Amino acid sequence: MSERWMSWEGGVDLCAVTRSDLAMPNVLIHVGRIVHTPIGSAPAGMVLWQPDPQAPPVAVGFICTDPKIGAFFGPQIFADTPFAGVPVLTAKITVTTQLPGSVAARVEAAGHVFETRLEGLGALSVIDRAPGAMTPFRQQGLEATASRATLKVDGKPVAITLPKTGISGGAAAIWSPAGIYAR
């Protein structure tokens, strides 16, 4: 039996660009209200904040309230991707829902506060995605695509654009009440 899996409840995922000419996202805020792994459960996810696409990211890493669980994601779930070696950042993660219309996440990590809000949620769909280049794991779960998203960093609004597709192969802004990654 493989020990390379994780599941979540209350997922809020934002993949965005701060300039429409960027080929790669420079904003990723992917969090779960609770994430389950073979070694334990805790609020967790990942963050990438690179306001200047020509400079190194200001904040990048797997985020978790428990550093031991946060350290599981790189080598076990994201092995063989650019995310495999990113650091683990201790974080405070809060997910709020105002269903059926919106969800929000607040992340305190790396000395910054990231606040996302996803609105205009569509109907929930069952997803089953095969592994891909940036996601070397099978993905299954429930997702609702958001038609609008906002981001604040340290209390200041940041203009963002949602790409057509996020790094996981689905929409760039989603509410996922439950799901699983397995390798």
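Each residue is numbered by its place in its chain's sequence as written, counting from 1. Restriction of local features to residues with pLDDT of at least 70 applies here, the model being predicted, together with a cutoff of 80 or more for giving and counting side-chain atom pairs; totals for whole chains, interfaces and linings are based on all residues. Working from all heavy atoms in the structure, the side-chain values ignore hydrogens and water.

Enquirer: How would you sum up unusual backbone geometry? Please name residues and give values.
Expert: If a residue is not glycine, its phi is most likely negative; likewise, a peptide bond is most likely trans. Cis geometry marks the peptide bond from Leu99 to Pro100; its omega dihedral reads 15 degrees. Only DSSP runs of H or I with at least four residues qualify as helices, and only runs of E with at least two residues qualify as strands; both kinds are numbered from the N terminus onward. When you line up the elements, Pro100 lands in the loop between strand S6 (92-98) and strand S7 (102-109). Even without being a glycine, Ala110 presents a positive backbone phi close to 55 degrees. Position of Ala110 among the secondary structure elements: in the loop between S7 and strand S8 (112-121). The phi dihedral of Asp154 is positive, around 55 degrees, even though this residue is not glycine. Within the fold, Asp154 resides in the loop between strand S10 (138-153) and strand S11 (156-158). Assessed through its relative accessible area of 39%, Asp154 is described here as partly exposed. Burial here depends on accessible area, computed with a 1.4 Å probe over protein chains only, as a share of the maximum for the residue type. Under 20% is buried, over 50% is exposed, and the range in between is partly exposed.

Enquirer: Give a description of the packing of aromatic side chains that names residues and reports values.
Expert: Given two aromatic rings, one states the distance between the centres and the angle between the planes to describe the pair. Here a Phe, Tyr or Trp ring, Trp counted by its six-membered ring, pairs with any other such ring whose centre lies within 6.5 Å, and the pair is stacked when the planes are under 30 degrees apart, edge-to-face when over 60, and tilted otherwise. For the structure on display, the rule yields seven aromatic pairs. Taking the centre distance of 4.9 Å and the plane angle of 70 degrees together, the rings of Trp8 and Tyr181 count as edge-to-face. Here Trp8, found in strand S1 (residues 5-16), pairs with Tyr181, found in strand S12 (residues 173-182); they are 173 residues apart in sequence, far enough to count as distant. Each ring, one from Phe62 and one from Phe78, has its centre 5.4 Å from the other, and the planes form 40 degrees; the classification is tilted. Placement of the pair is Phe62 in strand S4 (residues 59-64) and Phe78 in the loop between helix H1 (67-77) and strand S5 (88-90), with a sequence separation of 16 residues. On the basis of relative accessibility, which here comes to 2%, the residue Phe62 falls in the buried class. Here a set of aromatic residues connected by ring pairs shows up, and it is made of Trp8, Phe62, Phe72, Phe73, Phe78, Phe83, Phe137 and Tyr181.

Enquirer: Account for the environment of Ser102, with residues named and values stated.
Expert: With respect to the helices and strands, Ser102 occurs in strand S7. Here Ser102 falls in the buried class, since its relative accessible area comes to 5%. C-alpha separation for the pair Ser102 and Ala146, spaced 44 residues apart in sequence, amounts to 8.1 Å. Throughout, a contact is declared for two residues whenever any of their heavy atoms are within 4.5 Å. Once residues lying within four places of it in the same chain are set aside, the contact partners of Ser102 are Thr97, Arg117, Leu118, Glu119 and Leu121. Under the rule applied, a polar contact is a pair of N or O atoms within 3.5 Å (in protein, one hydrogen donor and one hydrogen acceptor; residues adjacent in sequence only if both atoms are side-chain atoms). A distance of 2.9 Å separates a polar atom in the side chain of Ser102 from a polar atom in the side chain of Arg117.

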